Amino acid sequence: MEAVQRRRVTVRGVVQGVGFRPYVYTRATGLGLAGHVTNTPEGVVAEVEGAPDAVSRFCERLAADAPPLAVVDAVDHWEVPVAGGAGFTIVASRTGGPARTLVSPDVATCADCLAELADPADRRHRHPFITCTHCGPRFTIVTGLPYDRAHTTMAAFPMCPDCAREYEDPADRRFHAQPVACPACGPRLRLLTGRPPRESSGADPVAEARRLLAAGAILAVKGLGGYHLACDATHPGAVAELRRRKARGDKPFALMARDLADVERFAHLGPEERQLLAGGVRPIVLLRRRAGADGPDGVAPRCPDLGVMLPYTPVHHLLLGLPGDPPGPRLLVMTSGNLAGEPIVTDDDEALDRLAALADGWLTHDRPIHVPCDDSVVRVCDGETLTLRRSRGYAPLPLTLPVPVPATLAAGGDLKNAFCLGEGRKAWLSAHIGDMDDLATQYALERAERQLESITGVTPVLLAADRHPGYRSAGWAERAAGARPLVRVQHHHAHIASAMAEHGLDGGRPVIGVAFDGTGYGDDGAVWGGEVLLADYAGYTRFAHLAHVPLPGGDAAVHRPYRMALSHLRAAGIRWAPDLPCTAACPPEELRLLKRQLERGLNCVPTSSMGRLFDAVSSLAGICHRAGYEAQAAIELEGAAYRAHGDGRGYGEGDGRGDGQGEGDGGGHGYAFGLHLPPDSGGGPLAADPAPVLAAVVADVRAGTDPALIAARFHASVAALVAALCGAARERHGPDTVALTGGVFANTLLSSACARLLRARGFTVLRHGRVPPNDGGLALGQLMVAAAHDTP
């Protein structure tokens with residue numbers, strides 16, 4: 001009698017909602033094995049029985065040949081008693097026990113579903129909710145584990161006989177696809193217009209919505225993770241009206257284009273950008289504008305980049321038009337459905353209320369959104385993806401940690417908030433929450449944290465938060481901690497730890513961390529932001545920083561960069577002459593009051609912020625005097641520098657001296673920071689003095705130098721400063737690994753220049769990719785630092 005073996009197999013990772021059980025079924029039946037497979041809270045569990053060599057072949061390549069959307073973390077198998085029986089079945093999911101599987105992110109509509117959507121002979125022709133095992137909603141509809149239809153917001157839509165037949169057929173692409181649906185079983189799309197809103201009487205809500213958009217209307221469109229506000233991006237009046245209604249200022253809008261051909265007319269597309277735009281995630285990709293190209297007016301005033309995405313749901317494809325559809329908008333503004341500072345709207349009744357002053361109509365449907373999830377934002381830097389907002393399509397995929405951590409919750413920061421849960425060697429960064437100024441955003445953080453705990457099975461025993469005494473995120477963490485320990489983590493230490501963790505460093509050796517941003521609470525009570533720290537997870541030493549200057553009026557200086565320019569000029573001993581752009585931009589009465597404020601030190605906390613220095617130079621060069629959104633002055637300064645250099649190459653390509661001299665600016669000379677020890681330092685940190693840079697900028701302004709060239713020279717000087725400081729840190733203390741982090745390093749021109757200079761000098765350079773360099777990645781670093789403090 002031929003030998004028979006039975007093995008029990010547990011597969012952990014992103015293995016539910018991605019076609020893994022059908023894959024196991026096909027693999028087992030193809031090898032002639034009997035047994036069964038099921039979803040459980042710990043993952044996919046199978047038992048296979050048959051000839052030992054067939055059982056071995058089943059186990060050997062189970063992970064390697066997995067479905068494309070699966071992410072297999074571990075495959076464990078062991079022999080169990082033979083049970084007998086014939087055939088292989090998919091059995092009902094097992095509930096109970098701690099969650100140990102991973103939920104898939106939402107995935108853009110696949111090519112097969114798009115072909116059916118456009119096929120008049122297909123029963124799902126023009127069905128707004130077409131999906132299959134390989135695409136569609138996942139994370140945003142999950143209400144519990146294991147991932148089955150009963151644990152999603154599709155539970156309210158019983159499958160029609162045709163859908164049920166596909167769902168049960170192992171040979172079908174929709175075999176156990178939980179969101180499977182068709183026109184017969186729902187969900188149902190509808191268009192609401194008027195005051196009060198009433199359902200449109202038209203037979204096709206999408207066709208009517210397209211007509212309204214073409215006529216200049218603004219529509220609230222329900223997506224995967226929340227509502228968008230949409231209008232025709234080529235209709236200047238509609239764009240201006242949306243900007244007015246949202247009180248958007250000059251902040252750029254995101255665009256949704258029908259296809260790549262519609263994008264490349266006005267933006268540069270490299271192979272990396274094309275892949276990001278057309279792949280399964282479909283984030284917003286920041287693209288460089290084509291010089292002189294006709295583009296949508298008013299979408300991103302004076303911004304060097306355009307944020308563009310391609311459609312990722314069937315509703316988006318229908319709105320932008322299928323082949324043969326009547327002409328309509330091919331380029332839409334698609335921005336988050338909310339007022340400035342509020343979280344994205346997900347609830348239908350709330351959308352009718354909160355978006356009533358913003359939208360002329362609502363293209364909505366009756367499938368609930370369980371988890372809010374904004375669009376992700378990325379850009380390409382030196383051929384690699386740089387994530388600026390990690391949300392739809394990426395969350396809730398975990399990050400692998402270099403060292404195990406206790407069950408920990410890190411609250412993140414107050415800007416671009418994302419929190420982080422971690423346990424063992426996994427960390428889950430939440431989807432983008434938003435800025436914590438609004439009470440609704442704080443409630444959104446609470447709901448998202450409860451939901452992420454439920455699907456990860458992590459129950460925190462340790463909490464972490466920023467040291468800033470006024471941060472709302474830290475206040476929330478303090479209230480949530482109760483009797484559990486709470487570790488307060490310095491802001492820039494967390495940034496550096498985040499970069500270390502992303503790159504798999506165990507913390508056994510310190511790195512040189514260059515943390516440049518706008519605001520972070522310092523150990524001395526000052527506003528830090530131009531920091532060079534010698535750091536590991538357990539602690540840090542402040543090796544160098546940008547010299548402190550007064551921050552006059554706090555947020556007033558952030559919103560009016562000319563105030564920061566004038567503060568820097570005064571600190572540098574440079575007169576506020578009327579021929580300087582920043583002086584001319586300041587109203588006379590404000591100028592008089594500002595002078596008195598700085599003389600008396602009223603509401604003038606000191607700052608070492610590199611972000612504020614970028615603001616100051618932007619105003620001093622005459623580029624941006626008022627900031628209507630975060631980092632506007634710095635973004636416009638980067639755009640000007642880009643214009644001076646084309647593709648930005650040439651920064652920092654000098655003689656290798658690393659003496660703080662800006663090199664390779666294309667104009668024959670650069671600017672130089674001064675480096676010195678403060679007289680009362682007692683061996684304390686180096687200070688980088690921007691006074692010589694500011695004096696050189698003033699001289700260039702008075703010589704009539706193109707502001708773009710001034711911007712390029714300034715970028716070059718900052719890159720050379722980074723190289724000089726890192727060289728000094730290595731010479732004195734030994735580390736040769738540099739982590740570039742903080743929101744300033746979202747600037748790809750600066751990031752590339754620093755990386756080139758440092759690598760030319762033999763440094764290993766760590767830059768962010770999957771984790772944002774800005775405060776959206778802060779929580780990962782907080783988690784790592786807190787865990788190091790908790791380790792005996």
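Quick caveat: nothing in here was measured; it's all calculated off a predicted structure. (Residues numbered from 1 in each chain as written. Predicted model: local features only at pLDDT ≥ 70, side-chain atom pairs only at ≥ 80, totals over all residues. Heavy atoms only, no water.)

Colleague: I would appreciate a short explanation of the overall build of the protein chain in the present structure.
Modeller: Counting its regular elements, the protein chain contains 23 helices and 30 strands. A globule of 792 residues ought to have a C-alpha radius of gyration of about 28 Å, and the protein chain, at 28 Å, matches this closely. Dimensions of the protein chain, computed from the C-alpha atoms along their principal axes, are close to 90 × 65 × 50 Å. Here the protein chain, with 792 residues, has 59% of them falling under the buried criterion. In the protein chain, the proportion of contacts linking residues at least 24 apart, taken out of those at least 6 apart, comes to 70%. Accessible surface computed for the protein chain: about 28700 Å², of which carbon and sulfur atoms make up 52%. Distance from the positive charge centre (80 side chains) to the negative charge centre (88 side chains) of the protein chain: 2 Å. (Helix = DSSP H or I, 4+ residues; strand = E, 2+ residues; numbered from the N terminus. Rg over C-alpha atoms; globule rule 2.2 N^0.38 Å. Buried < 20%, exposed > 50% of the residue type's maximum accessible area, 1.4 Å probe, protein only. Contact = heavy atoms within 4.5 Å. Areas by Shrake-Rupley, 256 points an atom, 1.4 Å probe, with all protein chains shown as cover. Lys, Arg positive; Asp, Glu negative; His and termini not counted. Charge placed at Lys NZ, Arg CZ, Asp CG, Glu CD.)

Colleague: In this structure, what is going on with the packing of helix α20 (residues 691–702) against helix α21 (residues 707–733)? I would like to understand it.
Modeller: The axes of two packed helices give the description: the angle between them and the distance between them. With their axes 11 Å apart at the nearest point, α20 and α21 run at an angle of 165 degrees to one another. Viewed along their axes, α20 and α21 adopt a mutual orientation that is roughly antiparallel. Judged by the twist between their axes, the crossing of α20 over α21 is right-handed. Note on element contacts: α21 touches α20 through Ile710, Arg713, Phe714 and Ser717, opposite Val693, Val697, Asp700 and Val701. A breakdown of the residues in the contact of α20 with α21 according to their chemical character gives five nonpolar, one polar and two charged. (Axes fitted to C-alpha atoms, helices over the stretch in contact; angles between N-to-C directions. Parallel < 35°, antiparallel > 145°, perpendicular 65-115°, else oblique. Left-handed = near helix turned anticlockwise from the far one by under 90°. Nonpolar A, V, L, I, M, F, W, Y, C, P; charged D, E, K, R; others polar.)

Colleague: Help me understand the nonpolar core in this model?
Modeller: The tendency in soluble globular proteins is for nonpolar side chains to be buried as a group. Core analysis: the largest hydrophobic core is formed by 78 residues, its most contacted members being Val514, Met610, Phe614, Phe673, Phe714 and Leu740. Of all the elements, α21 adds the most residues to this core, at 14 residues. Counting 64 residues, the second-largest nonpolar core is a separate cluster that includes Ala46, Phe58, Leu102 and Leu445. (Core = buried A, V, L, I, M, F, W, Y, C linked by side-chain atoms within 4.5 Å.)

Colleague: Help me understand the pattern of salt bridges, please; the structure alone is not making it clear to me.
Modeller: Think of it this way: side chains of opposite charge can pair up when their charged atoms draw near. Tallying each qualifying case throughout the model produces 47 salt bridges. Here Asp112 makes a salt bridge to Arg173, at a shortest N to O gap of 4.0 Å. Highlighted residues: Asp112 in helix α3 (residues 111–117) and Arg173 in the loop between α4 (161–168) and β7 (189–193), separated in sequence by 61 residues. The exposure class assigned to Asp112 is partly exposed, which follows from its relative accessible area of 43%. Residues Asp325 and Arg126 are paired through a salt bridge, measuring 3.1 Å at the closest nitrogen-oxygen approach. Of this pair, Asp325 sits in the loop between α9 (314–320) and β14 (331–336) while Arg126 sits in the loop between α3 and α4, placing them 199 residues apart in sequence. Through salt bridges that share partners, Arg6, Arg8, Glu47 and Glu49 make up one connected network. (Salt bridge = Lys/Arg side-chain N within 4 Å of Asp/Glu carboxyl O.)

Colleague: Would you take a moment to explain the environment of Asp736 for this structure?
Modeller: Following the sequence through the fold, Asp736 ends up in the loop between α21 and β29 (737–741). Look at Asp736 and you get partly exposed, because its relative accessible area is 31%. C-alpha of Asp736 to C-alpha of Gln632: the two residues are 104 residues apart in sequence and 34 Å apart in space. Those residues in contact with Asp736, other than ones at most four positions away along the chain, are Arg509, Arg730, Phe763 and Thr764.

Colleague: Sorry if this is basic, but what is going on with helix α12 (residues 472–481) here?
Modeller: Helical geometry note: an α-helix holds 3.6 residues per turn, so side chains three or four residues apart project in the same direction. For α12, the full list of buried residues reads Ser473, Ala474, Trp476, Ala477 and Ala481. In a view along the axis of α12, the buried residues occupy a sector of 155 degrees, so they form one face of it. Turned more than 90 degrees away from the buried face of α12 sit Glu478 and Arg479, all of them exposed. Residues of α12 that are buried make contact with β18 (399–410), α11 (439–456), β20 (462–466) and β21 (486–489). Of the residues one or two after α12, Gly482 is the one with positive phi, at around 60 degrees. (Arc of directions from axis to C-beta.)

Colleague: I would appreciate a short explanation of unusual backbone geometry in the present structure.
Modeller: In this structure, the amide linkage connecting Gly186 to the following residue, Pro187, adopts the cis form with an omega of -5 degrees. Checked against the element boundaries, Pro187 lands in the loop between α4 and β7. At the junction of Ala395 and Pro396, the peptide bond is cis and its omega measures out at 10 degrees in the coordinates. Of note, Pro396 is situated in the loop between β17 (384–389) and β18. Phi at Asp382 is positive, roughly 55 degrees, even though this residue is not glycine. Summarising the element assignment, Asp382 is placed in the loop between β16 (377–381) and β17. With a relative accessible area of 41%, Asp382 lands in the partly exposed category. One non-glycine residue, Ala631, lies in the positive phi region at around 65 degrees.

Colleague: What's the story with the sheet that holds β20 in this structure? I'm lost.
Modeller: In sheet architecture, strand pairing relies on hydrogen bonds along the backbone and comes in two forms, parallel and antiparallel. In spatial order, the strands read β19-β18-β20-β21; together these four strands make up an open sheet with mixed pairing. Only two strands of the sheet have a single neighbouring strand rather than two, namely β19 (420–429) and β21. Recorded for the sheet is a direction-independent mean angle of 60 degrees between the axes of neighbouring strands. Relative to β19, β18 is paired through six bridges, and the arrangement is antiparallel. Looking across to β19, one finds that Val405 is bridged to Gly424. Sheet strands touched by α11: β18 and β19. Its angle to β19, the strand with the most contacts, is close to 150 degrees. (Pairing = 2+ DSSP bridges.)

Colleague: Would you mind showing me how to read the pairing of strand β28 (residues 686–689) here?
Modeller: Every regular strand shows the same layout, with side chains that alternate between the two sheet faces. Relative to β28, strand β24 (residues 540–546) runs parallel, the two being bridged by three bridges. Within β28, the residue paired with Ala544 across the bridge is Leu686. Two strands pair when backbone bridges link them, and strand β27 (residues 674–676) and β28 are joined in this way by three bridges, in the antiparallel orientation. Residue pairing for β28: Leu675 is matched across the bridge by Ala688.

Colleague: Would you take a moment to explain the sheet that holds strand β13 (residues 305–309) for this structure?
Modeller: With mixed pairing, the eleven strands of this open sheet are ordered in space as β8-β7-β15-β9-β10-β14-β11-β13-β12-β16-β17. Taken across any chain shown, the strands that pair with only one partner, and hence form the sheet edges, are β8 (198–199) and β17. Sheet topology note: the strand β9 (residues 219–222)/strand β15 (residues 361–365) ladder contains three bridges and is parallel. Across the sheet, the residue bridging to Val221 is Leu363, located in β15. Helix-sheet contacts for helix α5 (residues 205–214) involve β7, β9, β10 (227–232), β14 and β15, and the interaxial angle to β7 is about 40 degrees. Along the sheet face, helix α22 (residues 748–760) touches β12 (284–288), β16 and β17 and points at about 40 degrees away from the line of β16.

Colleague: Could you clarify how one ought to interpret the state of the cysteines in this entry?
Modeller: One covalent bond between the sulfur atoms of two cysteine residues makes up a disulfide. Taken as a whole and judged by the stated rule, the model has zero disulfides. Take Cys110: it sits in no disulfide, and the sulfur closest to it among the cysteines is that of Cys135, at 3.6 Å. Its relative accessible area of 14% is what places Cys110 among the buried residues. Cysteine Cys163 shares no disulfide, and the gap to the nearest cysteine sulfur, in Cys182, comes to 3.6 Å. Note on Cys163: relative accessible area 0%, which makes it buried. (Disulfide = S-S within 2.5 Å.)

Geometric values such as these leave the question of function open.
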